[in-house]
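# Notes for the structure review
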Amino acid sequence: MRRGMQTYCHGCHALQVYFRPQRQQQHTEQFELVCGTTSLLIPLEAVLPASKLQMQSAIDFGSVPAKELALQLLPIKNVGDAPLRFSWKIEAPFSIEPIAGQLMPSQILSCEVRFEPQEAAAYHASAACSLDNGELLTVQINGLAKFPFLSLESSRIDLGEVVVGQTAEAYVRFGNHSPVAANFTLTLAGGSRDDVFSIQPSRGTLQPNEYSVLHVVYSPKATGTFSCRTCTLATAGGNKLTLTCQGTATGPQLRLSSRVFCFGNVRSGQSPSKVLYLENCSNVPLVFEFLQDPNGVFALTRCSGVIAPRSITHTAVLFKGTLPTNYWQRIVCLIKDSEPLAIDALATVYDDSSRPPPLLYKHIESYLAKVQAGGLTLLNGTADLTTTTQVQSNAQQQQHDSSSSMFNVLGQMPPSTQQQQQLAGPDSWQALFDGVDAAQAITVSSNYLDFGSCSRLQPAEPCSFTVSNNTGAKVLAALLVTPWQDPLGQLGKVAQVFQAFPESLELRPHSSATLRVVFRPPHDGVYYCQGLVLLAGLKAMRSFRLAQDAEVVPPWCIGIMASGNTFANLNPEYSPKVILSSSNITFPPCRLGEMVHQTLALLNKGDTPVHFKFTAASSSPIDIKQQQLGIAGAAPGVGWFGPFGALPSQGVLEPKSQKLVALRFQPQHLDMAQVNLTCIFNNTSANTTCVLLTGTACEPQLSWDVPDGQLFFRPTCIGASSQHCITIGNISQVPARWCWVVSKKLQDVVIFEPSAGVLRGFESTQVRVSFAPIKQQVYNARAALLLLPPNAAAGAAGSGGAADDNCQQPTSADANQDVEMEDSQRPADNRQNSPTDFADAEKLILTIIGEATQGALSIEPADGNFGAINVGYPARRNFQLTNKSNGVLRYSIELVNHAPELIDTEGAECDFGTAVAAADSNCETQHGSRDAWIDEPEGVVNARTSKSLTLTLLPRRRGEYKLTLNVLATTLPQQSSHPGMRSILAGSSSSPAAAAAGPAGLVATVPSYPHTSTAPAGSSSGSSNHKYFSRTHSTAESPNIMAKDPEGWLGDAAIFTAAGAAVGSTKAAMPLDKPPLAAVSVTAIACFPALLVKDVVSVGLPKQVAWQMLGIQQLNQELCSPVGGAEVEAQILADRGMLTNDKALMLLPPYKMDLGVVAAGDAARSFWVQFANEGPLPIDWQLHSYDAPEVELESWVETARPVSQTEKERAFVIENAILGMQPHSGTLVPGSTQQVHVTFNPVVEGFFQLPLFLRIKDGKHLQLQLSGQAVPASAQLPLTIKGSNSCVFAACPLGELDPPLQCYELRNGGPAPLHYMLDISPLQRLAKQNYSAEVIKFAGGSPLEGVVPPGEVAVFNWLFQPLEAKSYSVALPLTLGDAQPQPLLLRGRGYHPLQHPEAARSTAEETAQRWQQWLGFQAAPSLAPPGRILLPSQEMLDFGVCLPASTTKRLLLLHNRAAVPLAFVWDMGVFSEDYRVISGRLRVTPGTGEH
């Protein structure tokens, strides 16, 4: 800016400022603008270009899964005007990408912050960002790492048996229980590799507390294959779960109506038939084919077809034999993807010239049984087929055939047994490939005759074969050639294509002969294929006279296949349309020496026949051969391609038909074998298709999870046991049979459960090893897990891992020499059934090491006193078990009841509300009627530790319980389930007595030592884990868990049976015969809440009269009685809200409470009743009238109107408050009392009743029947109470000269004076009956006729002097007012004081007259109703027995409750001298006074 003066005109002007810096720095200047006397300072500033970074100050990752990568974006921005370079520094497990970079002005970059924690912890870090301008910025980064936790609903999925062609699905639920997300992957870990399982999803993410499902699909491919596949569900944090999927591939099931068709004796020329019903018992279509020529001797009208699912079809079995002889043929039915079935057809043909002996099925059974036994069938021409096996009689067979033929036309199957009928001898695949005659009595040199391509114009070269007789008798043989049905000719037109020369042969013993077969085709360009049958039989069988029934031998039928074609000079002009059911056939895995089979279907969809032939590729290094030797029963045409066989290997497919081919795999080496078979159609190489056959041969192999083969047990107390679970698995594809063998040192100490079994391919199971020492020492011995050969058992287990009861255990010394070298082994006996081939069995050696110590157990507290407990509610007491030893101690709790007679069994069992559910919700239905149980009756207490146990006492009856809790030492291990593993423990079944005693019930009644009660409760099969005390006091018998060895050939090595106990062991798994380790005495008093009426007060009535009017004596007796069944039922209905007044009236009997007679319109009569709690339990009581609502209703609510007359009367009483009790409820603690006011308000005349229900919580439930009568003021009525119309004298001895006076009181209970008159004339008649002696005499008192004022009483005295020891009675007419006379019954009893002194005791009726013996009655007043200010110390004075002319005194205190002095005067009433009621005088001193 230029300095100096400048002149500017009016307006705006600009000043130009120039800036020329000399160096790079910030400049600040100012200049002054002066205008006249005014100046203005203008600042100038030059700022350099600068950079500035903007970003957030903190990042929080929250909760993330450990060992996984979490990402967040951190945006940064250059808010400056110069480029910016930055670099990050941060500590692991955090990282930032990019670690460095450059930002242009206003540029934004999102940095990726990575968090990859390796441990579960809270992480805090600061990320430092260094800028090129020297500035340092920080970002606070926080993160919390947690391990994800996944759980599977089930670790093993068994899809069961699935038919090939179908799929089975299962869903397994799994969830994430952690607060972080779980990224999971599903990988295949091992098992079968046949790709039959599909599991989805294979990966995914579960959010916290989220659930998902795994979809498992099983699609079997090869029939008879057991597939087991293990997959792992894992997270990066290390949480791994194993899921095992298994399933068995089965084929469709075909059931035949009959397996044997006996046509009996058939005349030559006849053609009988029988119906065969076929039922498809599966849910998939069933393809079948009978391997039989439709024109053969035995033919079927329908040889092949498809049966719809769950449906029935039928075919006819025809017999076309004409040669007089016996016929028998086993016809095999091939089934797609299933095992074949066979039927036996037999018949006897006769004519006038020849009659063979009848052939029955028992002859076939006898012959095959002897052949299977290994003996030569016929020697020196003698046919003795007597065997020890039971055979089917002719009558039974005929009955079976008749039942099979009685099917109705609707095609319904007849009733049959559960299992398919079995044929004698070889069946299924064995009969198909190997025949039924293992002795090979008759054989042919070749069973397949191939004539090749021929011309019909010239004869073909004949084919010959040799027939050999290997028996010791003459044999007649004939080749049966049936005519060929011409498909191009007329219907029924046949031609003889194949002919045999000679037609029959006679073979000497052990000789051979040759038969020639010629081929004479009638047409050109046709494929011919026909089955021939060589029928051979003993010459002695040509007549029934030459053979007895026991000597009948069935014939031999050998199938021969003959084929040829007439395409010698022609080529087929048609293209075959044949489809194979599969191009890849996989056989189930098997062992060397075993054979497995499959089926292949060829379907011809064309309209012309097609010839097929199987051959192997030229590059396959296998031996190709055609089976030459023909055996009876074997199907002809088997072709072998190395270890694989095909039957038939060639043949002709008719138009629109299908053919089943049987395939066999017979391995020769331990490896996978494959052959690519080529099927050539019409002998043209251009028409071929291939099928790949795959088979695997392997040997079973076992593995376990025991490191170094050593199993260590912690120190265990003698009498206790410790357990280890080890997993054994089959790592091969074939089943493995196994068993355990232990050394002599361990046979009484170690138990394996299960001890033997079968593991299928890749299957595993858990074996529990229990160590139960019997003496103090260190055990170091060995056991062996043997891999048994497949023929080691009589029968195979049906499922993998199952304990095998039939498994024969190795017993020879060779089998145990590796188990314990230092033990002396006893050699096995040379018995026929003793296995001796286990010396070379593979084995895994397990070294078991454990120490036995002495146990010391204590229990606290030593006293188990429950005190008073409520009936029907549980009470609990905790006990502490302390193991003071250095070893593990296994215990079992036993509860013994010492005093069952102290329990009241008269009342009903009470279970108030949900008492059992409150006691133990897990065992609500299992406790049943048990009164006491321990929450853990069996268990383990580790060394130097304690365990808390809870004893629950649930008394259902009142009484005193005296129990003893015994802690016993036991060696029986607890059963536990292992998720995901097959754990089948045998020996869990208990005896019937144990089952009857309830689940795991170990109960004893008499404490005795040694203890001979049963095994601990865990040994039974019950599902409960509790031990009980029962009121039945029945001791359950223990299950027989010890195996027996009656012949003693097992030797010194203890072999564990399926029961899990060592053979010969008498101590393992049984309670020791010793006193208990500790014992506690348990006592309890079970009672109901005890409510009792203690006092009654009513103005104007003596106490005993009011007591009798209200029936307090009967009420108290009922309150002290046990709860009855009707009360329990009423309690249940009340708890459910279903108890109405009518139901309560029907269930509960009434207890009458009479409030007396009052003049209508007078003041209400009141009674004050005192309720007292005399028991140790608090009381909650209620008074109910189920007609009245329990809650106060709103004014707008209209209640239901009464319907019946009784309801109307009750409603009137309630509405006008005529009868009532107040209050309606209350609570009494032990020892307290409560006053209840009972009122009768006579508003109108009438007799009134009101039922009220006294309900004591968890106690009695009674019906109180309140009643009162309102009468006119002039009514004359006596006070009516129980026994008021009779007078019962006290018993008097004979000969008493001065008997005491006995009185009767007549009390006026009405509002008006009561006129009465007593007639004593009947006493004179009584005297005449007793020798004119006055047995009963009126002795004065009130006059016999007079008036009793209201509330007063007339007293009549009597003298009773019996003459005989008997009862006396007399009725005196008593007239009251204007009413008719009523009888007053006087009764007394005399007794002889010397002869019958026991008669002096009062009877119940006599005792009822004495208030001193009334329940709850007391002479002293305990109730002070309102308005009563003067209270005596005694309301009833008992002077007892007084001597004549004596003076007896009693002290009576008067208590003034008022605040002012009171003047009093005594009114003696009937005791005044004017009445002369007593013989003597009663005086009260002072008679008047002030107090």
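What counts, and where the lines are drawn
- Residues numbered from 1 in each chain as written.
- Predicted model: local features only at pLDDT ≥ 70, side-chain atom pairs only at ≥ 80, totals over all residues.
- Heavy atoms only, no water.
- Helix = DSSP H or I, 4+ residues; strand = E, 2+ residues; numbered from the N terminus.
- Buried < 20%, exposed > 50% of the residue type's maximum accessible area, 1.4 Å probe, protein only.
- Contact = heavy atoms within 4.5 Å.
- Areas by Shrake-Rupley, 256 points an atom, 1.4 Å probe, with all protein chains shown as cover.
- Pairing = 2+ DSSP bridges.
- Axes fitted to C-alpha atoms, helices over the stretch in contact; angles between N-to-C directions.
- Phe/Tyr/Trp six-rings, centres within 6.5 Å; stacked < 30°, edge-to-face > 60°.
- pLDDT = per-residue confidence, 0-100.
- Disulfide = S-S within 2.5 Å.
- Arc of directions from axis to C-beta.

Further remarks concern the overall build of the chain. Helix and strand counts for the chain come out as 13 helices and 96 strands. Counting every position in the chain, which comprises 1491 residues, the buried fraction comes to 49%. Restricting the contact set of the chain to residue pairs at least 6 apart, pairs at least 24 apart contribute 74%. With an accessible surface of roughly 71400 Å², the chain has 50% of that area assigned to carbon and sulfur atoms.

It is worth spelling out the sheet that holds strand S75 (residues 1091-1097) at this point. Spatial ordering of the open sheet is given by S75-S77-S81-S79, a layout of 4 strands whose pairing is antiparallel. Sheet topology places S75 and strand S79 (1219-1222) at the edges, where each strand pairs with a single neighbour. Pairs of neighbouring strands in the sheet enclose a mean axial angle of 25°, with direction left out of account. Pairing geometry for S79 and strand S81 (residues 1233-1240), over 4 bridges, is antiparallel. Residue pairing for S81: Gln-1222 is matched across the bridge by His-1237.

So, on to the packing of aromatic side chains. How two aromatic rings sit relative to each other is set out by the distance from centre to centre and by the angle between their planes. Per the stated rule, a full pass over the model turns up 36 aromatic pairs. On the numbers, 4.9 Å between centres and 20° between planes, the contact of Phe-197 with Tyr-218 is stacked. In this pair, Phe-197 is assigned in strand S16 (residues 197-200) and Tyr-218 in strand S18 (residues 211-218), connecting sequence segments 21 residues apart. Both residues of the pair, Phe-197 and Tyr-218, belong to the buried class.

A few words on unusual backbone geometry. For residues besides glycine, phi is generally negative; the peptide bonds are generally trans as well. Cis rather than trans, the peptide bond between Glu-753 and Pro-754 has omega equal to -10°. Structurally, Pro-754 can be placed in the loop between strand S58 (750-753) and strand S59 (756-759). Note the cis peptide between Gln-1222 and Pro-1223, where omega equals -5°. Inspection of the secondary structure assignment puts Pro-1223 in the loop between S79 and strand S80 (1225-1228). You will see that Asn-682, though not glycine, has its phi angle at about 60°, which is positive. Summarising the element assignment, Asn-682 is placed in the loop between strand S51 (672-681) and strand S52 (684-696).

Moving on: the confidence of the model for the chain. Mean pLDDT over the chain: 80, with 81% of residues reaching 70 or higher. This stretch, residues 802-837, has a pLDDT under 50; its non-local contacts, to residues over four places away or in other chains, come to 95 contacts. Here residues 914-928 is modelled with pLDDT under 50, and outside its nearest four sequence neighbours on either side it reaches 29 contacts, counting other chains as well.

The next subject is the state of the cysteines. Such a bond, covalent and formed between the sulfur atoms of two cysteines, is termed a disulfide. With the rule as written, the count across this model stands at 0 disulfides. Between Cys-590, a free cysteine, and Cys-698, which holds the nearest cysteine sulfur, the sulfur-to-sulfur gap is 7.7 Å.

Take the pairing of S51 next. For strand S44 (residues 610-616) and S51, the ladder comprises 5 bridges, and the chain directions are antiparallel. Within S51, the residue paired with Ala-616 across the bridge is Leu-677. One ladder, built from 10 bridges, connects S51 with S52; its direction is antiparallel. When the bridges of S52 are listed, Met-672 appears paired with Thr-696.

Attention shifts here to the sheet that holds strand S86 (residues 1302-1307). In space, the 3 strands of this open sheet follow the order S86-S90-S88, with antiparallel pairing throughout. Of all the strands in the sheet, just S86 and strand S88 (1336-1341) have a single pairing partner and so form its edges. Strand-to-strand twist in this sheet, taken as the mean axis angle between neighbours without regard to direction, amounts to 30°. Pairing geometry for S88 and strand S90 (residues 1353-1360), over 4 bridges, is antiparallel. Note that in S90 the partner of Ile-1336 across the bridge is Phe-1360.

Moving on, we get to helix H12 (residues 1322-1329). Within H12, burial applies to Pro-1322, Leu-1323, Leu-1326 and Ala-1327. When H12 is viewed along its axis, its buried side chains cluster within an angular range of 150° and face the same direction. Among the exposed residues of H12, those oriented more than 90 degrees off its buried face are Gln-1324 and Lys-1328. The inward-facing, buried residues of H12 abut S88, S90 and strand S91 (1367-1376). Positive phi shows up at Tyr-1331, right after H12, with a value of about 60°.

This next bit is on the side chain of Ser-722. On the secondary structure map, Ser-722 appears in strand S56 (residues 722-730). Ser-722 has contacts with Phe-713, Arg-714, Thr-716, Val-769, Ser-770, Phe-771 and Val-888, leaving out every residue within four places of it along the chain.

Moving on to the environment of Ala-1164. Here Ala-1164 shows up in the loop between strand S76 (1150-1159) and strand S77 (1165-1173). Judged by its relative accessible area of 41%, Ala-1164 falls in the partly exposed class. With 75 residues separating them in the primary sequence, Ala-1164 and Thr-1239 have C-alpha atoms 6.5 Å apart. The contacts of Ala-1164, once residues within four sequence positions are left out, are Phe-1240, Asn-1241 and Pro-1242.

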